[in-house]
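# Fold and contact review
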Amino acid sequence: MPLIRRLPDTLVNQIAAGEVVERPAAALKELVENALDSGARRIVIDLENGGIDHISVTDDGCGMDPEQLRLAVERHATSKLPDGDLSVITTLGFRGEALPSIASVAVLSITSHTGTNHTGSGATGWRLVIDNGRLVEDGPAAAPPGTRVAIDNLFAAVPARRKFLRSERSELAACLDVVRRLAMARADVAFELRHGTRGGAPRRLLSVAAGMDASPVSLVARLAALLGPDFADNSVPIDLDRGFADSNETEQRIGLGGLAAIPTYNRGIADHQYLFVNNRPVKDRLLVGALRGAYQDLLARDRHPVAALFLTVPHDFVDVNVHPAKTEVRFRDAALVRGLIVSGLRRALDAAGHRASTHVSAAALGAFAVPDFAAAAPQYACAAGWGDASLAEPPRLFTEFPPAFVSPDSGLSAPTHFAAPAAASHPLGAARGQIANTYIVAETEDALILVDQHAAHERLTLERMNAALGKGAVASQALLIPQLVELDEIAAGRIADRATELAELGLEVEAFGPASILVRATPALLGPTDAVALVRDLADDLSAWGRAVTLKERLDSIAATMACHGSVRAGRVLSIAEMNALLREMEVTPHSGQCNHGRPTWVRLARTDIEKLFGRR
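Bear in mind that the values here come from a model prediction, so they are computed numbers and not experimental data.

So, on to the overall build of the protein chain. A count of helical and extended segments in the protein chain gives 19 helices and 24 strands. Considering the protein chain as a whole, with its 617 residues, one finds that 47% of them fall into the buried category. In the protein chain, once contacts between residues fewer than 6 apart in sequence are set aside, the share between residues at least 24 apart is 71%.

Here you go:
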């Protein structure tokens, strides 16, 4: 029978290191958090070989005296739980595991100075060096006020761990991401990150100055510095505060701040979502799910929102001691937090109105090129002279249509007589024509506007459906002749099982045999629509979600599918009146800057940019 025995401290620390220090970025995170907890206002980080060979963090915090320095490298020794209460944690670190764990798998050196001479000699600080668990230096050293912690040759004595580290580039990217997130959380602290300090002139990868305070203005400036001005220009501010009663019926507050990008400013991966709880960077599934839910009907399924959200809650409302790396948290009332995030984001995005991302217009402008008409000149050359040559007219790009009544199936409302609005009187200007029967050309006082008519009308239809859903069931339009939709037996069963829920959305269906569905009515908001294609798309959606999901949980997606089928299609000729009616409705409809899949509905080309194309500026 195997005997149970106590493990030696060195092995215990190495096991702990496997949980806390899985890679250089994890070690760097622990050191920077310690620096922030010490009250530092400036933190300088130096890396070598992506942090594998060397990491050093220098701060101007409170420092440690020799006795405290020796305690700092012992297991579960910390200054961050003065009352021993894990339910109220106000610091980033609290376990006292990081330094001894790192010291067991690397060469750890700490030089610290409190501003007081503790040595009785000319030295002004103290230095401690531990080599893979062995104390090799403990004595005075010259040092400025603050602390410098260095890690050398991480996992060099543990080859089995070191071989699992990634390339220098990958490890450096992870370290940069850690520092970027911590720098976002503390706009009042200066950060500098350098790489390659031993191989000559180091590369400065990140450098941000300390803000005057931790106010929202400083936060926006810090986010712009770290994520780029393009993110700040294409984002909306979040500011929401909500009260609740705790278990003692005491009034408490939780708040949400930060910036969230408008839907057309999105990414193909979710790495650009920065979430913080009480200024602690986290990657929590609840928060990520709430963020995704807020953008549910604004982005395609393979696109992800960009946001930096800061949640502020009472310290006893959240438990941060649920993950070894402290990247996940648990809330006392998860539903309250999710509701706050979703409602706060939706309110801010609603206020954005018909805004579209500025980088979309920049990309459109960059696609313009000056054509070479010299090669094409013979195609239109005159044979004999101006008067006696019949010139072949090239195809028109811009086509204007005479005023007309709005057709009953367009879903748009417009006056029965044409009256072109002044270009300066509306944000999206006055319609001037169509390109390829798909894109509306409009003119404002200082810009040219291009609108994707299908994408725009799809968004407008969806917003109408959402408004109708908010008031109750959606009105339906009975079909004169019910339509039969042939499906496979499984898909037909899914539709038939949800018939009651679909009726609330205005779609009345019933089973007609084992593999057929009879459509008796469609949502009135859609106007004439292809009921067969609509039902087949809904069957595909139900197949993807599974039986456990109710339609009420996916109303946005269902409504988006229906809206797509009820919108003005690309390739359809619109009159000027119809175009202007579409533009006016876009101007007053929330989220009309992007379609239901996150694509932009319009782009703006400023007059100054157009003049540059022709060399006028």
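Continuing now.
Turning next to the sheet that holds strand β23 (residues 516–523). An order of β21-β23-β22 is seen for the 3 strands of this open sheet, with the pairing classed as antiparallel. With partners counted over all chains shown, the strands left at the sheet margins are β21 (476–486) and β22 (508–511), one partner each. Going across the sheet, the axis of each strand differs from the next one's by a mean of 15°, ignoring polarity.

Across all of its chains, the model carries 4 aromatic pairs by this definition. Between F276 and F310, the aromatic rings sit 4.4 Å apart at their centres with planes inclined by 5°, giving stacked as the arrangement. Here F310 lies in strand β15 (residues 307–312) and F276 lies in strand β12 (residues 273–277), a separation of 34 residues in the sequence. Here the two residues F276 and F310 agree in accessibility, since each one is buried. Aromatic side chains F317 and F331 sit 6.3 Å apart centroid to centroid with 45° between the ring planes, which places their arrangement in the tilted category. One end of the pair, F317, is in the loop between β15 and β16 (318–319); the other, F331, is in strand β17 (residues 330–331), and 14 residues separate them in sequence. Both residues of the pair, F317 and F331, count as buried. Here a set of aromatic residues connected by ring pairs shows up, and it is made of F244, F317 and F331. The ring of Y265 carries R267 above its face, with NZ or CZ at 4.8 Å from the centroid.

Here we take up the pattern of salt bridges. A full pass over the atoms with the stated rule returns 20 salt bridges. Across the pair E192 and R42 runs a salt bridge whose closest N-O atoms are separated by 2.7 Å. With E192 in strand β7 (residues 190–195) and R42 in strand β1 (residues 42–48), the pair connects residues that are 150 residues apart, well separated along the chain. Its salt-bridge partner being E443, residue R432 comes within 3.0 Å of it at the nearest N-O pair. A residue pair is termed long-range when its members are at least 10 positions apart, and R432 in strand β18 (residues 430–435) and E443 in strand β19 (residues 439–443) qualify at 11 residues. Overall, the relative accessible area of 32% leaves E443 in the partly exposed class. Bridged by salt links that share partners, the residues R42, D46, E192, R194 and R204 form one connected network.

The next subject is the nonpolar core. With 99 residues, the main nonpolar core has I43 and F191 as its most contacted residues. No other element matches helix α6 (residues 168–185), which puts 10 residues into this core. Leave out the neighbours within four places in its chain, and F191 touches V32, L36, I43, V179, L182, A183, R186, L206, S207, V208 and R222. Among the nonpolar cores identified, the runner-up in size contains 20 residues, and I495, A499, V535 and L538 belong to it.

What follows concerns helix α13 (residues 453–471). Compared with the 27 Å implied by 1.5 Å per residue over 19 residues, the 27 Å span of α13 between its first and last C-alpha is a close match. Count one or two residues on from α13 and you reach G472, which has phi positive near 135°.

Moving on to helix α2 (residues 24–37). Two residues of an α-helix separated by three or four positions point the same way, owing to the 3.6 residues in each turn. For α2, spanning 14 residues, the distance from its first C-alpha to its last is 20 Å, which sits close to the expected 20 Å at 1.5 Å a residue. For α2, the tally of buried residues reaches 12 of 14 residues, placing the bulk of the element in the interior. For α2, the set of buried residues is P24, A25, A26, A27, L28, K29, E30, L31, V32, E33, A35 and L36. Just beyond α2, the residue with positive phi is G39, at close to 90°.

Turning our attention to the sheet that holds strand β10 (residues 251–261). Pairing is mixed in the open sheet, where 5 strands are placed in the order β9-β10-β15-β12-β13. Unpaired on one side and paired on the other, β9 (235–245) and β13 (280–282) mark the two borders of the sheet. This sheet shows a mean twist of 20° between the axes of neighbouring strands, independent of strand direction. Here β12 runs beside β13; their pairing, made up of 3 bridges, is antiparallel. Paired with L275 across the two strands is V282, which belongs to β13.

This part takes up the pairing of β9. Regular strands place side chains that alternate from one sheet face to the opposite one. Pairing of β9 with β10, which is carried by 11 bridges, proceeds in the antiparallel orientation. Among the inter-strand pairings, R242 is bridged to a residue of β10, identified as I254. Counting the residues that bridge the hairpin from β9 to β10 gives 5 residues, and of these E249 lies at a positive phi of roughly 60°.

Within the secondary structure layout, R459 lies in helix α13. Among the polar contacts listed, one links the side chain of R459 to the backbone oxygen of Q594, at a separation of 3.1 Å. Sequence-distant contacts of R459, defined by excluding residues within four places in its chain, comprise D297, L298, P590, H591, S592, Q594, C595 and N596.

A few words now on the packing of α6 against helix α7 (residues 216–227). One can describe the packing of α6 onto α7 by two numbers: an axis separation of 9 Å at closest approach and a directional angle of 165°. Comparing the axis directions of α6 and α7 gives the class roughly antiparallel. Taken as a pair, α6 and α7 cross one another with a handedness that is right-handed. In this structure, α6 uses R180, A183 and M184 to contact α7, whose residues at the interface are L219, R222, L223, L226 and L227. By residue class, the composition of the contact of α6 with α7 is 6 nonpolar, no polar and 2 charged.

What follows is about the pairing of strand β20 (residues 447–452). Side chains A447, I449 and V451 of β20 all project onto a buried face; the interleaved residues L448, L450 and D452 project onto a face where none is buried. As defined by bridge partners, β19 adjoins β20 across 5 bridges and the pair is classed as antiparallel. Bridge pairing in β20 links V441 to L450. Counted along the chain from β19 to the antiparallel partner β20, the turn is 3 residues long. Of the pairings in the sheet, the one linking β20 to strand β24 (residues 602–606) comprises 5 bridges and is antiparallel in character. Considered in β24, the bridge of L450 is made with V603.

Turning next to the confidence of the model for the protein chain. Low pLDDT means the predicted coordinates in that region are not meant to be read closely. Of the residues in the protein chain, 80% reach a pLDDT of 70 or more, and the chain-wide mean stands at 81. Averaged pLDDT values for the elements of the protein chain fall to 44 in helix α12 (residues 373–376) and rise to 97 in strand β2 (residues 54–59). Counted against residues more than four places away or in other chains, residues 373–420, with its pLDDT under 50, gives 54 contacts.

What follows deals with the side chain of D59. The residue D59 is located in strand β2 in this model. Classification of D59 as buried rests on a relative accessible area of 9%. A distance of 2.8 Å separates a polar atom in the side chain of D59 from the backbone nitrogen of G61. The residues touching D59, leaving out its near neighbours within four places in the chain, are A35, S38, A40, R42, I43, P145, G146 and T147.

Criteria and thresholds
Residues numbered from 1 in each chain as written. Predicted model: local features only at pLDDT ≥ 70, side-chain atom pairs only at ≥ 80, totals over all residues. Heavy atoms only, no water. Helix = DSSP H or I, 4+ residues; strand = E, 2+ residues; numbered from the N terminus. Buried < 20%, exposed > 50% of the residue type's maximum accessible area, 1.4 Å probe, protein only. Contact = heavy atoms within 4.5 Å. Pairing = 2+ DSSP bridges. Axes fitted to C-alpha atoms, helices over the stretch in contact; angles between N-to-C directions. Phe/Tyr/Trp six-rings, centres within 6.5 Å; stacked < 30°, edge-to-face > 60°. Lys NZ or Arg CZ within 6 Å of the ring centre and 35° of its normal. Salt bridge = Lys/Arg side-chain N within 4 Å of Asp/Glu carboxyl O. Core = buried A, V, L, I, M, F, W, Y, C linked by side-chain atoms within 4.5 Å. Expected span 1.5 Å × (residues − 1). Polar contact = N/O pair within 3.5 Å; in protein donor to acceptor, adjacent residues only side chain to side chain. Parallel < 35°, antiparallel > 145°, perpendicular 65-115°, else oblique. Left-handed = near helix turned anticlockwise from the far one by under 90°. Nonpolar A, V, L, I, M, F, W, Y, C, P; charged D, E, K, R; others polar. pLDDT = per-residue confidence, 0-100.

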